[in-house]
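The chain contents come next:
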Protein chains: 2
Amino acid sequence: MAKTAITPTRADDYPEWYQQVIKAADLAEVSPVRGCMVIKPWGWSIWENMQRVLDGMFKATGHENAYFPLFIPLSFLQKEADHVEGFAKECAVVTHHRLKPGADGKLQPDPAAQLDEPLIVRPTSETIIGAMYAKWVESYRDLPILINQWANVVRWELRTRLFLRTAEFLWQEGHTAHATAEEAREETMKMLGVYADFAQDFMAMPVIKGEKTAGERFPGAVDTYSIEAMMQDRKALQAGTSHFLGQNFAKAQEIKFADKDGQQQYAWTTSWGVSTRLVGALLMTHSDDDGLVLPPRLAPKHIVLLPIYRNDEEKSQVIPYVDSLKKELEAQDYVDGKVRVMVDDRDIRGGEKNWYHIKRGVPLRAEIGPKDIAKNAVFLARRDSGEKKGVDRTELVSSIGQRLKEIQDGLFTKALKLREDNTRTIDKLGDFLAWFTPQSEDKPEIHGGFANCHFTEGPEVDELLKKHKVTIRCIPLDQPAEMGTCIFTGKPSARRAVFGKAY
Amino acid sequence: MAKTAITPTRADDYPEWYQQVIKAADLAEVSPVRGCMVIKPWGWSIWENMQRVLDGMFKATGHENAYFPLFIPLSFLQKEADHVEGFAKECAVVTHHRLKPGADGKLQPDPAAQLDEPLIVRPTSETIIGAMYAKWVESYRDLPILINQWANVVRWELRTRLFLRTAEFLWQEGHTAHATAEEAREETMKMLGVYADFAQDFMAMPVIKGEKTAGERFPGAVDTYSIEAMMQDRKALQAGTSHFLGQNFAKAQEIKFADKDGQQQYAWTTSWGVSTRLVGALLMTHSDDDGLVLPPRLAPKHIVLLPIYRNDEEKSQVIPYVDSLKKELEAQDYVDGKVRVMVDDRDIRGGEKNWYHIKRGVPLRAEIGPKDIAKNAVFLARRDSGEKKGVDRTELVSSIGQRLKEIQDGLFTKALKLREDNTRTIDKLGDFLAWFTPQSEDKPEIHGGFANCHFTEGPEVDELLKKHKVTIRCIPLDQPAEMGTCIFTGKPSARRAVFGKAY
C-alpha cells in the first residue's frame with residue numbers, strides 16, 4: 001500500500017481523517033474554551049479569501065455592510081415566538097457586568113452587578129437588526145434596505161467539530177427589508193444564487209439549490225432555501241441558507257412604512273448567511289489522503305517556489321533566479337487579481353519541505369536548483385493530480401493562469417462526478433432503505449449517497465427518516481415537472497426531494 | 001452669522017456638535033443595547049478603509065491574521081494579577097448556556113444550565129492567545145510568532161459616546177512572542193511607528209509618539225507606548241497603543257522555549273491595538289460646522305457626480321455624459337488603488353443633494369448640467385476649502401489625483417497648525433494652571449491645549465493633576481536632551497511630558 005501523509009485515510013476513518021487534515025494543514029485547533037475554535041493563519045487566510053470574494057458579490061448586488069451589537073436583550077429574542085423557541089436552548093447568557101472577590105478571595109460575578117435583563121450573545125441578528133430597521137423605515141422611499149454584516153455568533157453546541165459545528169463561529173448575515181413580498185422573494189432567490197455561484201465558481205463545489213421542508217426551516221421564516229453539497233463520504237453538507245421571512249419579523253419588530261397611498265404596511269424581510277463552515281466544506285470536497293487540496297481561486301498561495309542548493313555558491317545563483325521568477329509570476333493576472341507566489345527558503349530538508357506544502361494544499365510547487373537553471377526550467381508538481389515534470393521557465397510564466405484554471409475546473413468536474421456517481425433516482429421504499437444502509441458495520445458513515453425521491457411531508461415520514469438517520473436535504477428548484485407517488489406513504493407527489501445523511 | 005449645516009457649532013457646544021455630525025453624516029447610532037452602537041454603512045465603509053490599509057501594513061511588516069475565542073475563562077484572566085485587576089470591574093460575564101421558562105412562563109437563564117466556570121467576553125485577548133502560544137512554542141525555532149486578530153471586544157462602560165467609548169467596540173489586536181527582550185522591544189516600537197504612519201499619512205492626523213507613565217500603563221505591561229492627537233477642542237485623544245509586556249504574560253501563561261543551548265526560557269511578548277475609536281478621532285480632527293470632512297485616502301468615495309436636468313431631453317444628454325465621466329475618473333490611479341466615484345441621480349432638489357454630500361464629507365462634488373456639457377466642463381466644489389469653480393473635463397480627469405493629494409496634505413497641515421498653535425512649553429506651575437483653566441464657565445472643555453513640562457512621577461503630582469482634570473498624555477520619544485526641574489515638585493527632571501485634558 002502506498003504511504004500517505006494523512007493517517008488514517010478517508011477509506012479507513014473519514015471523520016478522523018478530517019481532523020488529521022486540519023492538523024496537518026495547520027488550519028485550526030480546539031481551544032481551551034469549550035466549543036470555541038482557534039483559526040490559525042493558514043485557515044484564516046482561506047476564510048479571508050472567501051470573505052473578499054463574497055463581499056464583492058454582495059456589493060455588486062447592491063448591498064452595503066454595517067455592524068450591529070453583539071448582545072441581544074432577552075425581550076427582543078422573545079418577540080418572535082418560533083425564533084426564540086429555536087435558539088433558547090443553546091445560547092450564551094450574560095447576566096453580570098462585573099467581577100468581585102468572593103468570601104474565598106476568588107473572583108466571581110458580583111451579585112450587585114446583576115443585569116436587570118439578561119443579554120444573549122447573538123445566535124443570529126434578525127431581532128436586533130429588525131429593531132433598528134423599525135426606526136429607520138418610515139415611508140416606501142426608505143425601502144429597500146439591503147445590509148450585510150460580517151460577525152461572530154454563538155450557538156451553544158455540545159458536540160462540536162472544527163469548522164463544521166462550533167459554539168462560536170464567524171459568518172456574514174444579510175438582512176433586507178422590502179415594500180413588497182415579490183421583491184423580498186426575488187432577493188431571497190438572488191442571494192441563494194450568489195451562494196451557489198460562489199460555491200461552484202470559487203470553491204469548485206457543486207451544489208443543489210432547493211427549498212427546505214417545514215421541519216428544516218429557519219425559526220421564524222416562511223420559506224428557507226439552501227445550497228446542499230455532497231462530501232467525499234457521500235454525506236450532505238448544508239453550505240448556505242437564504243430565508244424569506246414574510247412579515248413575521250416585521251410584525252414582531254414593528255417594521256412599518258407608509259406606502260404610496262399613505263397606508264401603513266408591514267415590510268417584507270429576508271435574511272441569508274454563510275459561515276466558516278465553508279472552510280470545512282472546502283476541505284471535505286477536495287482533500288485527499290495526503291492532506292488539503294485547495295482550488296486556486298481560494299488558495300492563499302497559488303505556487304510555492306522551492307530553491308535547492310548545496311552550498312553558498314549555488315545559493316548565490318539560485319536565490320536571485322527564484323526572486324526574479326517570483327516577481328515575473330506575481331505580475332501575471334489571475335481572475336480578479338494577480339498570481340499569489342511564495343518562496344520557501346527555510347533551512348529544512350527538501351522532502352520535508354515538499355510534504356509541508358502538499359499537506360497545506362498549495363496548487364503548484366516548483367523546485368529550482370542549479371541544473372534547472374542551466375536549462376532555464378523548473379521542476380513543477382501539481383497538487384491535484386500529483387503530476388511532476390520539468391517545465392520551461394517562459395512557459396511556466398505564460399501558462400500559469402491556464403494551469404490554475406485547469407486545476408480549478410478539474411476539481412469541480414471531479415466533485416461533480418462523485419456526486420453524480422453516488423446519486424440515485426429511487427421510487428421504492430426498499431431500494432431507499434438499502435441505499436442508506438451502511439456498507440459495513442465498522443463504517444456506519446459510508447452508505448449510498450443522495451437519493452431523489454417523491455415524497456409527502458408528515459410525521460410518519462419524519463419518524464421513518466429519523467430511525468434511519470436520513471434527512472430531507474431540500475426540494476431542488478431545478479427539476480422536471482413529473483407527478484409521482486410518495487415512496488413512504490403512497491400518496492400522490494408533485495415534486496422530488498433530495499435525501500441524504502447529513503452533517 | 002453664516003448658517004451652518006450642523007447645530008450647534010463647534011464653538012457653541014463641541015460635545016453636542018460631535019453627536020450631530022455623526023447623525024448628519026449617518027455614521028452610527030446608539031442601539032437599544034446599553035453601551036453598544038450600530039455602525040451604519042457610511043461609518044462602516046470608513047472603518048473598512050482603515051482596516052484595509054492597516055491590514056496591508058501589518059502584513060508588510062511580517063504579521064499574519066488568525067482568530068481566537070470570544071470567551072475567556074475566568075481562571076485565565078486571573079493568571080496575571082494586574083491584568084485581571086484592570087478588567088474585572090467592567091466586563092460582561094456569561095454564566096448560563098440555556099434559557100427556560102420560569103414560574104411566570106417568561107424565559108430566564110436555566111439554573112440547570114449554569115456554567116461551572118464563568119466566561120468573560122474578551123476585553124482583550126492576551127490571556128487566551130497566550131495559552132495557545134504556550135502550546136505552539138517549544139523551541140527558539142518556533143519564534144517569533146507574529147499574529148494579529150480583527151475582533152470585537154467588550155468593556156462595560158457606563159458613560160458611553162459613539163466611537164470614542166462604547167461597551168462593545170471593534171479593533172485589531174496584535175500579539176507577538178519573541179526569543180529576546182531586544183526583539184520584543186523592537187517589535188513594540190515598530191508597531192507604534194506603523195500606527196503613527198497610518199495616523200499621519202492616511203488619517204491626516206498629526207500624532208505624538210511617546211511612552212506612558214506608570215499609572216497609565218496597560219494592566220500587566222512593562223511599558224506602554226501610545227500615539228496622541230489633539231482634537232479641535234484642544235483635548236487629547238489616545239489613538240493607538242503598543243505594549244512591551246516583558247515576560248509577565250509569558251510567565252503567567254507558561255510560554256517557554258528551549259534556546260539554542262537547550263535551556264528553557266520564558267518568551268518576551270508584545271501587544272498592540274487600534275479600534276473603531278479612530279473613526280471618532282478622524283471626525284474630530286477634520287470636520288467643521290457643516291459636517292464631516294474626510295481625508296481622501298480614507299474616504300469611501302472621492303468624488304460625487306451630480307447630474308442636473310430639467311426634463312427627459314436634458315436627462316438623455318446628461319446621464320450618458322456623467323456615466324462616461326465616471327468611467328474615465330474610475331480609471332485614474334490614486335495611491336494604492338483607483339479613484340472612487342459615485343453618481344447621485346436621486347430625484348431630490350439639487351440643494352438638498354449637495355448638502356447631503358457636504359455633511360457626509362465627500363472630498364469633491366461635481367455638478368453637471370447641459371450648460372456645463374456645452375463647455376465640456378463641470379462645476380467642481382471642494383469640501384475642505386469650500387472653493388467652487390468651473391473645471392474643464394479633461395483637466396478634472398488628469399488632475400484628480402493631484403487635487404486629492406492637495407486636500408489630503410492640506411488637512412494634515414491644518415491639523416498640525418492647530419496643535420502647534422495650542423501647545424506651550426511651560427516651566428512654571430502658575431502658567432500651567434492658567435493654561436488649563438477653562439476660558440469661560442459655560443464651556444469647561446475649552447482651555448489652552450497641550451503643555452510640554454518637566455515633571456516627576458509621584459502621588460502628589462497625580463493628585464494635583466486629578467484636581468485640575470489634566471492628564472499626562474505621554475513622554476514624547478522625540479525630544480531634545482535637556483535637564484530641568486519638575487514644575488510640581490521642584491525635583492530634577494530629565495524629560496518633559498505632554499500634558500492635556502483627555503477623552
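Scroll up to find the structure.
So, a few notes on the structure that sits alongside this text.

Cut-offs and rules
- Residues numbered from 1 in each chain as written.
- Chains lettered and ligands numbered in written order.
- Predicted model: local features only at pLDDT ≥ 70, side-chain atom pairs only at ≥ 80, totals over all residues.
- Least-squares fit on C-alpha atoms with pLDDT ≥ 70 in both.
- Contact = placed C-beta atoms within 7 Å.
- Helix = DSSP H or I, 4+ residues; strand = E, 2+ residues; numbered from the N terminus.
- Nonpolar A, V, L, I, M, F, W, Y, C, P; charged D, E, K, R; others polar.
- Pairing = 2+ DSSP bridges.
- Axes fitted to C-alpha atoms, helices over the stretch in contact; angles between N-to-C directions.
- Parallel < 35°, antiparallel > 145°, perpendicular 65-115°, else oblique.
- Left-handed = near helix turned anticlockwise from the far one by under 90°.
- Buried ≥ 20, exposed ≤ 12 C-beta atoms within 10 Å, placed from the backbone.

### Section: the relation of the copies chain A and chain B
After a rotation of 180 degrees and a shift along the axis of 0.0 Å, chain A superposes on chain B with an RMSD of 0.0 Å. Both copies of the chain, as the preceding transformation shows, are related through a two-fold rotation axis. Every residue of chain A has its C-alpha some distance from the rotation axis, and the shortest such distance is that of Val94(A), at 2.1 Å. Interface residue correspondence from chain A to chain B reaches 100%, placing this contact among same-surface, isologous pairings.

### Concerning the interface of chain A and chain B
By a widely used convention, the size of an interface equals the accessible area lost when the partners come together. Residue-level contacts link 48 residues of chain A with 48 residues of chain B. Per-element tally for the side of chain A that touches chain B: the top contributor is strand β5 (residues 93-96) of chain A, with four residues. When grouped by side-chain class, the residues that make up the side of chain A that touches chain B number 34 nonpolar, seven polar and seven charged. Pairing geometry for β5(A) and strand β5 (residues 93-96) of chain B, over three bridges, is antiparallel. Considered in β5(B), the bridge of Val94(A) is made with Val94(B).

### Topic: the packing of helix α2 (residues 41-60) of chain B against helix α6 (residues 181-202) of chain B
All names here are of chain B. With their axes 11 Å apart at the nearest point, α2 and α6 run at an angle of 140 degrees to one another. The angle between α2 and α6 falls in the class oblique. The crossing of α2 and α6 is right-handed. Between α2, through Val53, Leu54 and Met57, and α6, the contact on the second element is made entirely by Val194, Phe198 and Phe202. A breakdown of the residues in the contact of α2 with α6 according to their chemical character gives six nonpolar, no polar and no charged.

### Some thoughts on unusual backbone geometry
Cis geometry is adopted by the peptide bond preceding Pro8(A), which originates at Thr7(A) and carries an omega value of 0 degrees. Along the chain, Pro8(A) falls in the segment before α1 (14-25). Residue Leu143(B) is joined to Pro144(B) through a cis peptide bond whose omega torsion reads -5 degrees. In this structure, Pro144(B) sits in the loop between α5 (126-136) and β9 (145-154). Backbone geometry at Asp26(B) places phi at a positive 60 degrees, although glycine is not the residue there. The partly exposed category is assigned to Asp26(B), around which 16 C-beta atoms lie within 10 Å.

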